[in-house]
Amino acid sequence: MKKSVVALVIGMVLSSMLFQSCKDKSVHKIEVGTANKQKEIAMGADKEQENPQKATIQNMKEAFKGETTAHAKYAAFSKKAAEEGYPEIAMLFKAASGAELIHANNHKVVLQRMGEGLPTVTPEFNVGTTLENLKNAIEGESYEFNTMYPNFIKVANAAENYMAQISLTYAYKVEQKHRDFYKDALKALEDGNVKSLPSVYYLCPTCGNTYATTAPSRCEISMTDAKLFIKIDAL
């Protein structure tokens, strides 16, 4: 009887030890599995997160295409405004078209300095009435100022790409002014007061900064001397 009890106790002890061993292995496997899963997720996140420099290259190409298209679009809008008898609005579109070309050329230089080729651009847009064109322009400038350029600048900062930062920031600051010019023009058109709008504009050749009627002695964005400004006073 005593031997049976001893044997039973020993069996229980061994069973307990075996159970604990299996439990420890199971926990270890879970911990290892969890760690591996976390590692996989982290690696996946790294893969999904673009290299800032590569992302900047893509962004600069998108910005170049956008500004090139805006240059052509606003030139067409200017022609339409002139045809409809709104020379003041036509002058605004002409000035903005010139500024967008300056932005496009700045982006072009950045891409070339990075050893990148320029994307092929075939501008696509619709020309409506001057009222419709102003609304279209306000929407486009608002998107660039509120969303596109802030995001592009953030990525360029992460990439520590100084030239890209400058080119993108120049465009960002000027697009806000263009949006406000267009809003004023739309209100004047709706109020039947187009003649109150400016008929002369000045462009900074460095950053595309746009001034109506008069300009300061130096550009407030790039510090370029006003003697170099481009005067827009004829269609």
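Residue positions are given per chain, counted from 1 along the sequence in the order it is written. A pLDDT threshold of at least 70 governs which residues receive local features in this predicted model, and a stricter bar of 80 or more applies before side-chain atom pairs are shown or counted, although totals over entire chains, interfaces and linings include all residues. Computation of side-chain values: all heavy atoms of the structure, hydrogens and water removed.

Could you give an account of the overall build of the protein chain, with specific residues and numbers?
Helix and strand assignments come from DSSP, with helices taken as H or I runs of at least 4 residues and strands as E runs of at least 2, each series counted from the N terminus. If you tally the helices and strands in the protein chain, you get five helices and three strands. The helix and strand sequence of the protein chain, counted from the amino end, reads α-α-α-α-α-β-β-β. Three labels apply to residues, based on accessible area from a 1.4 Å probe with only protein chains included: buried if under 20% of the type maximum, exposed if over 50%, partly exposed otherwise in between. Residues counted as buried form 36% of the 235 residues belonging to the protein chain. Here a residue-residue contact requires only that any non-hydrogen atoms of the pair lie within 4.5 Å. Partitioning the intrachain contacts of the protein chain with sequence separation of at least 6 by distance along the chain shows that 73% fall at a separation of at least 24. Only the protein chains shown count as cover for residues, and all accessible areas are computed by the Shrake-Rupley method using a 1.4 Å probe. Carbon and sulfur atoms form 55% of the exposed surface of the protein chain, whose accessible area is close to 13,900 Å².

Outline helix α4 (residues 130-158), listing residues and values.
For α4, built from 29 residues, the straight-helix expectation of 42 Å at 1.5 Å per residue is met to within 8% by its first-to-last C-alpha distance of 40 Å. E160 occupies a position one or two residues after α4 and carries a positive phi of about 55°. In this analysis, the expected span of each helix is defined as 1.5 Å times one less than the number of residues it contains.

Provide a residue-level description of the packing of aromatic side chains, including the pertinent values.
Geometrically, a pair of aromatic rings is defined through the distance of the ring centres and the angle of the planes. Centre distance within 6.5 Å is the pairing criterion for rings of Phe, Tyr and Trp, where only the six-membered ring of Trp is used; planes under 30 degrees apart are then read as stacked, over 60 as edge-to-face, and the remainder as tilted. A complete count under the given rule lists nine aromatic pairs for this structure. Judged by centre distance (6.2 Å) and plane angle (50°), the rings of Y74 and F77 are tilted. Of this pair, Y74 and F77 both sit in helix α2 (residues 52-83), three residues apart, roughly one helical turn. A relative accessible area of 2% means that Y74 is categorised as buried.

Describe in detail the confidence of the model for the protein chain, supporting the description with residues and values.
Across the chain, each position has a pLDDT score giving the predictor's confidence in that residue, from 0 to 100. Predicted confidence across the protein chain gives a mean pLDDT of 86, with 79% of residues reaching 70 or more. Note that residues 1-15 has pLDDT below 50 and, in this model, zero contacts with residues that lie over four places away or in other chains. In this model, residues 22-32 is a region of pLDDT below 50 whose contacts with residues beyond four sequence positions or in other chains number zero contacts.

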